Amino acid sequence: MRRVAALGAPLVFVVAGGTACTDGGPAVRAADAAVGANPGDSAALYVDLTAEGSDDRLTSATCDCARSTSLHVTEDRDGILLMLSTASIELPAGDTVDLSPGGSHVMLEDLDSPLIAGSTIEVTLGFERSPELLLDVPVVALEELAERVTAPGAAGDGAGGG
């Protein structure tokens, strides 16, 4: 895995959710992280993200379990749902952006091995302004993700462009 961090940006450790302590600077809170068990070579990561204090953007993700990652949004174009890659996902200050099935998410691609329900993976999320977050993400059965489905146009649907 290759990690890229801005010089001087502290690495903040979070176990399945929490808020980065940044001495009054920008911070992102993560909650309810999960990835679906998958025997294939890719899987989607879902998490609720809240920017504390000022607007921010999710700009990257890394995981030892995947050779690459990408950020995705879902757009409804004339009744057809399209999953599109994006450079960033907007995190408006104080709002919770729900990365969930049917909406924005992080794709873990070219997995080293199948993801097994009951295990955990370590994922680092990178942001435009806030320190990185290191998450211990539970791998759950796909059926458990059914409750997280986002309707098109919901909060988890926003792209940041870039």
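Treat the numbers as computed from the prediction; the structure is a model and nothing was measured. (Residues numbered from 1 in each chain as written. Predicted model: local features only at pLDDT ≥ 70, side-chain atom pairs only at ≥ 80, totals over all residues. Heavy atoms only, no water.)

### Description of the side chain of Asp56
Inspection of the secondary structure assignment puts Asp56 in strand β5 (residues 56–63). Within the buried set, Asp56 has no salt-bridge partner at all; the shortest N-O distance to an opposite charge, 4.6 Å, is to Arg129. Within polar-contact distance, the side chain of Asp56 engages the side chain of Ser130 at 2.5 Å. Excluding its chain neighbours within four sequence positions, the residues that come into contact with Asp56 are Val28, Ala51, Ile89, Glu90, Leu91, Phe127, Glu128, Arg129 and Ser130. (Helix = DSSP H or I, 4+ residues; strand = E, 2+ residues; numbered from the N terminus. Buried < 20%, exposed > 50% of the residue type's maximum accessible area, 1.4 Å probe, protein only. Lys, Arg positive; Asp, Glu negative; His and termini not counted. Salt bridge = Lys/Arg side-chain N within 4 Å of Asp/Glu carboxyl O. Polar contact = N/O pair within 3.5 Å; in protein donor to acceptor, adjacent residues only side chain to side chain. Contact = heavy atoms within 4.5 Å.)

### Some points on the nonpolar core
Leu49, Leu58, Leu108, Ile121 and Leu125 are the most contacted members of the largest nonpolar core, which totals 33 residues. The element contributing the most residues to this core is strand β4 (residues 42–52), with 5 residues. Setting aside residues no more than four positions away along its own chain, Leu108 makes contact with Val35, Asp41, Ser42, Ala43, Cys63, Cys65, Ala66, Ser68, Thr69 and Ile121. Core analysis: the next-biggest nonpolar cluster, separate from the first, contains 6 residues, Ala44, Tyr46, Met107 and Val140 among them. (Core = buried A, V, L, I, M, F, W, Y, C linked by side-chain atoms within 4.5 Å.)

### Describing the pattern of salt bridges
A side chain with one charge may pair with a side chain of the opposite charge, provided their charged atoms come close. One pass over the structure, following the stated rule, counts 6 salt bridges. Two residues, Arg57 and Glu128, come together in a salt bridge whose shortest N-O distance is 3.8 Å. Of this pair, Arg57 sits in strand β5 while Glu128 is found in the loop between β11 (120–127) and β12 (132–140), placing the two residues 71 residues apart along the sequence. Among the residues examined, Glu128 registers a relative accessible area of 44% and is labelled partly exposed.

### Considerations on unusual backbone geometry
Phi is positive for Asp32, close to 60°, though the residue is something other than glycine. By the secondary structure assignment, Asp32 is in strand β3 (residues 27–36). Positive phi, close to 55°, is recorded for Asp110, a residue that is not glycine. Here Asp110 shows up in strand β10 (residues 105–111).

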